[in-house]
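Structural characterization, general
The residues making up each chain are set out below.
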Amino acid sequence: MRYLVISDIHANLAAFDAVLNDAGSFDAIWCLGDLVGYGPDPNECVARIQEFDHLCIAGNHDWAALGKLDLNQFNHDARVANAWTREQLSPIARAYLEARPTRIERDDFLLVHGSPREPIWEYILDLEQAAINFEHFEEPVCLVGHTHIPIGFVVDLELQDYYRLVPPYPEPLRLGNPKMRMILNPGSVGQPRDGDPRASYAILDTDAKTWEVHRVEYPVEVTQERMRAHGLPHRLIERLWLGR
Ligand code: ZN
């Protein structure tokens, strides 16, 4: 099976469509949460993903839009965008987001938004946090989003050695080595934060046992214009150019 693995679309339909066009053929989408929040197209993104065979878990911004999290836990700009998203959500989109689980186990993979230890909130940014989190799941591979940074963390079980894998990878990462376990992040579709404004996504091939991270340009100005039209915070508009 060939899966399109995406995360943190953040209601950015132009970026989501660019990824769908760039990804080639795939059997299903695995989405790691934060379908909405920040961007101008929450209902459209919820509708788009449902055109495909897919799994989707809940992220912190999805919960915020549903009123399941206190908006005071977010910074000012995120709070404004979340309050706007909450007002915009159609009953259909709301029901869809309400039904998302916080974790899904599928064959050799665990899907969560933040981390296996704390699926909604924890950011896995460094090796120390990755090392702790390897104790909190059983599967060979955990797929995470939330940081908006494409990266891999690996533990070599024989050597008890931990290391990071930062894309671009010279060739696809090989999965399926029983001596290795991994935490893999495909980066963010709709609001990258690694200094590269292009949308980020991954292709997981469970037959070839490979993981590839891709970047694709999208019309950032289309999303920015729609955000301006809705009066969304200036800083959230500007950061899309910067990829930060
Ligand atoms: Zn996010």
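Bear in mind that the values here come from a model prediction, so they are computed numbers and not experimental data.

**What to know about the coordination of the zinc ion**
- The coordination sphere of the zinc ion contains the protein donors Asp8 (OD), His10 (NE2), Asp34 (OD) and His148 (NE2), at a distance range of 2.0 to 2.4 Å.
- If you look at the zinc ion, its four donor atoms make angles of 86 to 177 degrees with each other, and the shape they trace is irregular.
- In terms of primary sequence, the donors binding the zinc ion are separated according to D-x1-H-x23-D-x113-H. With a gap of 26 residues between them, Asp8 in the loop between strand S1 (2-6) and helix H1 (13-22) and Asp34 in the loop between strand S2 (28-31) and helix H2 (42-49) connect regions that are remote in the sequence. As far as the burial class goes, Asp8 and Asp34 line up, both buried.

**Some words on the packing of helix H7 (residues 220-229) against helix H8 (residues 234-242)**
- One way to put it is that H7 packs onto H8 with a least axis distance of 9 Å and a crossing angle of 175 degrees. Between H7 and H8, the crossing angle belongs to the class labelled roughly antiparallel. Mapping the contact onto sequence places Val220, Glu221, Thr223, Gln224, Met227 and Arg228 in H7 and Leu236, Ile237, Glu238, Leu240 and Trp241 in H8.
- Looking at side-chain class alone, the contact of H7 with H8 contains six nonpolar, two polar and three charged residues.

**A word on the pattern of salt bridges**
- Within the structure shown, the criterion is met by eleven salt bridges.
- A salt bridge links Asp41 to Arg226; its shortest N-O distance comes to 2.5 Å. Note that Asp41 is positioned in the loop between S2 and H2 and Arg226 in helix H7, a separation of 185 residues in sequence.
- On the basis of relative accessible area, Arg226 is assigned to the partly exposed category, the value being 33%.

**A few points about the state of the cysteines**
- If you walk through the whole model with that rule in mind, you get zero disulfides.
- Free cysteine: Cys142, not disulfide-bonded; nearest cysteine sulfur from Cys31 at 15 Å.

**Here we look at the sheet that holds strand S10 (residues 180-185)**
- Strand order in the open sheet formed by six strands is S4-S5-S6-S10-S7-S8, with mixed pairing between adjacent strands. Two strands bound the open sheet, and with one partner strand each, they are strand S4 (103-106) and strand S8 (161-165). Neighbour-to-neighbour, the strand axes of this sheet turn through a mean angle of 15 degrees, independent of strand direction.
- Of the pairings in the sheet, the one linking strand S7 (residues 151-156) to S10 comprises six bridges and is antiparallel in character. When the bridges of S10 are listed, Ile151 appears paired with Asn185.

**Focus on the nonpolar core**
- In terms of nonpolar packing, the biggest core is built from 48 residues, with Leu4, Ile6 and Leu35 touching the most fellow members.
- When residues of this core are assigned to their parent elements, the largest contribution, seven residues, is made by H1.
- Beyond its immediate stretch of four places on either side in the chain, Leu4 contacts Val19, Leu20, Ala23, Phe26, Ala28, Ile29, Trp30, Tyr201, Ala202 and Ile203.
- Membership of the second largest hydrophobic core comes to 22 residues, among which are Leu32, Ile104, Leu111 and Leu143.

**Quick word on the packing of aromatic side chains**
- All told, the structure shown has six aromatic pairs when counted by the stated rule.
- With centroids separated by 5.6 Å and ring planes inclined at 70 degrees, the aromatic side chains of Trp30 and Phe109 adopt a geometry described as edge-to-face. Placement of the pair is Trp30 in strand S2 and Phe109 in strand S5 (residues 109-112), with a sequence separation of 79 residues.
- By relative accessible area, which is 2% here, Trp30 ends up buried.
- Each ring, one from Phe74 and one from Trp121, has its centre 5.5 Å from the other, and the planes form 50 degrees; the classification is tilted. Within this pair, whereas Phe74 is found in the loop between helix H3 (60-66) and helix H4 (76-88), its partner Trp121 is found in the loop between S5 and helix H6 (127-133), the two being separated by 47 residues in sequence.
- Taken together, Tyr3, Trp30 and Phe109 form an aromatic cluster joined through their ring pairs.

**A short note on the sheet that holds strand S12 (residues 210-216)**
- One open sheet holds the six strands; their spatial order is S3-S2-S1-S11-S12-S9, and the pairing between them is mixed. The sheet terminates laterally at strand S3 (54-56) and strand S9 (173-174), the two strands that pair on one side only.
- Sheet topology places S2 next to S3; three bridges connect them, and they run parallel. Paired with Trp30 across the bridge in S3 is Leu55.

What counts, and where the lines are drawn
- Residues numbered from 1 in each chain as written.
- Predicted model: local features only at pLDDT ≥ 70, side-chain atom pairs only at ≥ 80, totals over all residues.
- Heavy atoms only, no water.
- Donors = N, O, S within 2.8 Å, 3.2 Å for Na, K, Ca; no water.
- Tetrahedral: all angles 85-135°; square planar, octahedral: opposite > 155°, others 65-115°.
- Helix = DSSP H or I, 4+ residues; strand = E, 2+ residues; numbered from the N terminus.
- Buried < 20%, exposed > 50% of the residue type's maximum accessible area, 1.4 Å probe, protein only.
- Axes fitted to C-alpha atoms, helices over the stretch in contact; angles between N-to-C directions.
- Parallel < 35°, antiparallel > 145°, perpendicular 65-115°, else oblique.
- Contact = heavy atoms within 4.5 Å.
- Nonpolar A, V, L, I, M, F, W, Y, C, P; charged D, E, K, R; others polar.
- Salt bridge = Lys/Arg side-chain N within 4 Å of Asp/Glu carboxyl O.
- Disulfide = S-S within 2.5 Å.
- Pairing = 2+ DSSP bridges.
- Core = buried A, V, L, I, M, F, W, Y, C linked by side-chain atoms within 4.5 Å.
- Phe/Tyr/Trp six-rings, centres within 6.5 Å; stacked < 30°, edge-to-face > 60°.

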